[in-house]
Amino acid sequence: MKCTLDKLYFPFYYHLKYTDLKIKNKLKYLSLLHKIKTLGKPLIHNILKYTFGYDSFRGQQEEIINHTLDRKDALVIMPTGGGKSICYQIPALASEGITLVVSPLIALMNDQVLALKQLGVKADSLHSNLTQEESKNVYESLKSGELKLLYMSPERINNEITQRFLSTLDIGLIAIDEAHCVSVWGNDFRPDYAELASLRNIFPDSAILALTATADKATQDDIVKQLNLRDPKVFLSSFERKNITTYIENGIKRIEKIKKILRNYYDASGIIYCLSRRDTENVAKKLVSAGYKAVYYHAGLDSQTRSKVQREFQNDEVQIICATIAFGMGIDKPNIRFVIHYNMPKNLEAYYQEIGRAGRDGENSEAIMFYSWGDYIKLKRFIDEGEANEEFKKVQRAKLDRMWEYSSSSDCRTNLVLNYFGEYRSEKCGHCDNCLNPPIKKDGTTQAMMALSAIKRCNEKLGIELLVGILKGSYRAEIKQNNCDKIKTFGVGRNISGANWKNYIIQMINQGIINIDYTNSSNLRWTPLSKLVLENKLKVDIVDFVPKTKEKKPVKLFTDKKDLDNSLLAIFKKWRIDLARKNNMPAYIILSNKTLDELCRFKPTNKLELLQIIGIGEAKLKKYGNEIIKIIYEYQNQG
Ligand code: ADP
Ligand code: ZN
């Protein structure tokens, strides 16, 4: 009997030594597990279910894991939230030997190790923030063969003494996270990463798995070259984030629009990115006075305040964080429902990385960006006044121009971004504003003639604001001073709203009918095409400005919140936050929101049922099972 059990149930306990199990006490439990028909499934499926609590692999995960288990090199390109971590965590558990994970950020490393420990996995980290004693303990557990996963900073793994020690161990796999940092073509080159090139020679028997979410074709080729990967298979997933709906709007009355958007988001987490520190503070202040739990975050705050804000956001104690781009790296929060850009970002890489922080849990999320000509000018000034050499500035300016074209485009947004990253396709995405609400083109030749005529009659000395003022017939001081109220075209466009006029002019700039002289107060000028328009030899198409925030319906989550028991959810949230505070760890590492939702929907009353809940594997069942069942029991039997 004992022997049968050993063979039969061993898969569930692959990460425990057989002697660790008190089979007798577990008999009942084991026979229950048996009923869930795990038997006969490959080991990696059991690990997915009983360690991570998930039912099936996503995308190419299984293929990558099997490839890695054969100790072969690979490059994995997968968008944020795609599930890269499991691609090296499961091989680490399913094979002999130790897996090393190179990660650039200590905060991220710590969170991952914490989360793994919560799952009962033997994992630890080595980096410069550890005391000697702590490092020693890690070395000890490596030597004893206890540790399965070791997270390391690049400078640590590049250290010769460390390398000598590691080569005495059986290192099955080396995973290099954020692998784009190895390439100067990427967005975030790190010299420490460049030194990882030597790993291939030092650990000839280990597989190397390079992973990244941001790499265009040039960067991908460079990663393979820089890391000396051995005949690597490239696993390229689409960059498309199907669960993120993208909206882009002009920046008129941003705060009002944001408030309107937030009405759809009772209590849901979101980030609002601003260009300046001052804006983060202003926006947060306005939202607080409108009744939202909002805070601000920027590099000017002391590090204690920054960690406090970050932790509160991670624990859902604060709903909205208004931040500069200093916020985000190292944020692994799965349930961010919206990312709003208060201003246009400096390039599409930054934009896509920032919106990618939404919806890591796979639920529907939104990315809303506001942009204005003012943003463009400001970003351009940052580049011009920066310290970089002219060659670099040229590239940055071109990237900024692409960002502007993207913002003001009426084509599918997703395709524009995918094309930018070298993933070419033409079918529409169906989850961007231009797909959901296609702009209707109309003949705008008359409007173009009005604008061009006003520009010429005022001697090409107008910026966008002034031109709109003249067309609308405004008697602002600047207009009167320059006698622009006397020209023939003054007030000819008063029937069109200011917002629409601005939009039309931007479209005309994009079509090359009007040019902007950046070197001269951004005055509008004629181009060789302007004359053709006025001679009626060139037709101009324009699209109308539709205020998208007004039309939006509340976001529908994939998981239906309908039959969710909200009072029970509140109890679980309180229980979780108390635990998080007591153990000093982010709440989502204890149990994710998705897990809480399922608990409140299915109300499991025994361990077998509990094990069917997403995110509940053996370790969490053991740690929290009794308490969860007790909470549900008491809730159902109260009063
Ligand atoms: P990435 O590193 O690619 O951004 P993560 O590895 O952090 O993504 O995974 C994103 C989220 O998806 C995590 O909460 C993770 O636990 C979850 N996840 C990954 N794989 C699966 C799966 N097969 N089934 C369900 N959830 C998964
Ligand atoms: Zn689209």
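It should be noted that the structure appears before, not after, this text.
Since the model is a prediction, treat every value here as computed from it, not as a measurement.

Student: Just checking my understanding: could you explain the coordination of the zinc ion (ligand 2) for this structure?
Tutor: Octahedral six-donor coordination of a metal ideally yields angles of 90 or 180 degrees, compared with 109.5 degrees for tetrahedral four-donor coordination. The protein atoms donating to the zinc ion (ligand 2) are Cys412 (SG), Cys429 (SG), Cys432 (SG) and Cys435 (SG), with metal-donor distances spanning 2.4 Å. Around the zinc ion (ligand 2), the four donor atoms sit at angles spanning 103 to 120°, and that spread fits a shape best called tetrahedral. Linear spacing of the donor residues for the zinc ion (ligand 2) on their chain is C-x16-C-x2-C-x2-C. Across this residue pair, the class does not change: Cys429 and Cys435 are buried.

Student: Would you mind showing me how to read the pairing of strand E11 (residues 320-323) here?
Tutor: Consecutive residues of a regular strand have side chains that alternate between opposite faces of the sheet. Taking every second residue as pointing to the same face, both faces of E11 are buried, with Ile320 and Cys322 on one and Ile321 and Ala323 on the other. Here four bridges tie strand E9 (residues 269-273) to E11, and the two strands are oriented parallel to one another. Among the inter-strand pairings, Ile271 is bridged to a residue of E11, identified as Ile321. Across four bridges, the pairing between strand E10 (residues 294-297) and E11 is parallel. The residue of E11 that forms the bridge with Val295 is Ile321. Regarding topology, helix H15 (residues 303-314) serves as the crossover connection from E10 to the parallel E11, and that connection is right-handed.

Student: Just checking my understanding: could you explain the pattern of salt bridges for this structure?
Tutor: When charged atoms on two side chains of opposite charge get close, those side chains can pair. Here the structure, examined in full by the defined rule, presents 34 salt bridges. The salt bridge involving Arg164 is made with Glu160; its shortest N-O contact spans 3.6 Å. Placement of the pair is Arg164 and Glu160 together in helix H9 (residues 160-166), with a separation of four residues, close to one helical turn. Accessibility expressed as a relative area gives 54% for Arg164, which makes it exposed. In this structure, Lys502 engages Glu465 in a salt bridge whose closest nitrogen and oxygen atoms are separated by 2.9 Å.

Reading guide: rules and limits
Residues numbered from 1 in each chain as written. Chains lettered and ligands numbered in written order. Predicted model: local features only at pLDDT ≥ 70, side-chain atom pairs only at ≥ 80, totals over all residues. Heavy atoms only, no water. Donors = N, O, S within 2.8 Å, 3.2 Å for Na, K, Ca; no water. Tetrahedral: all angles 85-135°; square planar, octahedral: opposite > 155°, others 65-115°. Buried < 20%, exposed > 50% of the residue type's maximum accessible area, 1.4 Å probe, protein only. Helix = DSSP H or I, 4+ residues; strand = E, 2+ residues; numbered from the N terminus. Pairing = 2+ DSSP bridges. Right-handed = clockwise from strand over helix to strand, strands pointing away. Salt bridge = Lys/Arg side-chain N within 4 Å of Asp/Glu carboxyl O.

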